[in-house]
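Here is what each chain is made of, one letter per residue.
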Amino acid sequence: MSIRVDFYQLSRDPVDVTVTKLARKVMQAGERLLVVAADEVLRERLSQVMWEQGGTSFLANGAVDDPHAARQPILISDHCSAPNEARIVILADGRWREEVGTFDRAMLLFDAEAADAARDLWRELAARDGIDNRIFKQTPEGGWREGR
């Protein structure tokens, strides 16, 4: 099985804004999503920001342990289990988890403080079969471009 791993270096926008932008793209593509973060405060903030988009542009989401988790287009969790059958996962806390190997695509978000660890992980994953690594850097306008 092959997995695409996208590294997103946060520079302009904070993690909650970036997760919201990426989640919107995933929803526009008709996919389901799992967002993973170990910190409960971060998980709650991510959920709140996605719900507060306003009007019809809010991003419906729920916690993985909610009663109707399987129906949610976006689940937020502290682990890589997706009852909503998501094939895409965002690692919002910058922590790699080997369990993402069950997904088609993983997005690892990291900031300047975690850049060295991200580079080390990049090299480690590049040496493995079945992993397609890519790096994305934020433009001054807030978009993303694939880089080196």
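Above: the structure in question.
Residues numbered from 1 in each chain as written. Predicted model: local features only at pLDDT ≥ 70, side-chain atom pairs only at ≥ 80, totals over all residues. Heavy atoms only, no water.

Caption draft 1: Region of interest: helix α3 (residues 115–126). With 12 residues, α3 extends 16 Å between its outermost C-alpha atoms, agreeing within 8% with the 16 Å of an ideal straight helix rising 1.5 Å per residue. Every buried residue of α3 is listed here: Ala115, Ala118, Leu121 and Leu125. Each buried residue of α3 sits inside an arc of 120° when the element is viewed along its axis, so together they form one side. Relative to its buried face, α3 has exposed residues pointing more than 90 degrees away, namely Asp116 and Arg123. (Helix = DSSP H or I, 4+ residues; strand = E, 2+ residues; numbered from the N terminus. Expected span 1.5 Å × (residues − 1). Buried < 20%, exposed > 50% of the residue type's maximum accessible area, 1.4 Å probe, protein only. Arc of directions from axis to C-beta.)

Caption draft 2: Local environment of the packing of aromatic side chains. A complete count under the given rule lists five aromatic pairs for this structure. Geometrically, the ring pair formed by phenylalanine 7 and phenylalanine 110 is edge-to-face, given 6.4 Å between the ring centres and 75° between the ring planes. Here the residue phenylalanine 7 occupies a position in strand β1 (residues 3–9), and phenylalanine 110 occupies one in strand β6 (residues 105–110), the gap between them amounting to 103 residues. Here phenylalanine 7 and phenylalanine 110 have matching classes, each one buried. Seen from their ring centres, tryptophan 51 and phenylalanine 58 are 5.2 Å apart, and the 15° between their planes marks the pair as stacked. Counting every residue linked through ring pairs, the aromatic cluster contains Phe7, Phe110 and Trp122. (Phe/Tyr/Trp six-rings, centres within 6.5 Å; stacked < 30°, edge-to-face > 60°.)

Caption draft 3: Inspection of the pairing of strand β8 (residues 144–147) at higher detail. Where strand β7 (residues 131–138) meets β8, four bridges bridge the pair, whose relative direction is antiparallel. Bridge pairing in β8 links glutamine 138 to tryptophan 144. The turn joining β7 and β8, which pair antiparallel and follow one another in sequence, is formed by five residues; a positive phi near 105° is taken by glycine 142. (Pairing = 2+ DSSP bridges.)

Caption draft 4: Focus on the pairing of β1. Taken across its seven residues, β1 has five buried, putting it largely inside the fold. Examined bridge by bridge, β1 and β7 share seven bridges and lie parallel to one another. In the strand pairing of β7, aspartate 6 is matched with arginine 134. Where β1 and β6 come together, six bridges link them in parallel fashion. Counted as the bridge partner of phenylalanine 7 is leucine 108 from β6.

Caption draft 5: Spotlight on the sheet that holds strand β3 (residues 62–63). An order of β3-β4-β2-β5-β6-β1-β7-β8 is seen for the eight strands of this open sheet, with the pairing classed as mixed. Two strands in the sheet have a free side with no partner beyond their single neighbour: β3 and β8. Its contacts with the sheet put helix α1 (residues 15–28) on β1, β2 (33–36), β4 (74–77), β5 (88–91), β6, β7 and β8, and the angle it makes with β6 is roughly 160°. Relative to β4, helix α2 (residues 40–51) is tilted by about 160°, and along the sheet it contacts β2 and β4. (Contact = heavy atoms within 4.5 Å. Axes fitted to C-alpha atoms, helices over the stretch in contact; angles between N-to-C directions.)

Caption draft 6: Focus on the nonpolar core. Core analysis: the largest hydrophobic core is formed by 24 residues, its most contacted members being Phe7, Val89, Leu91 and Val100. Of all the secondary-structure elements, those providing two or more residues to this core are β1, β2, β5, β6, α3 and β7. A per-element tally of this core places α3 first, with four residues. Contacts of leucine 91, omitting those with residues within four sequence positions, involve Val36, Cys80, Trp96, Arg97, Val100, Met107, Leu108 and Leu109. Among the nonpolar cores identified, the runner-up in size contains 22 residues, and Val26, Leu59, Ile74 and Ile76 belong to it. (Core = buried A, V, L, I, M, F, W, Y, C linked by side-chain atoms within 4.5 Å.)

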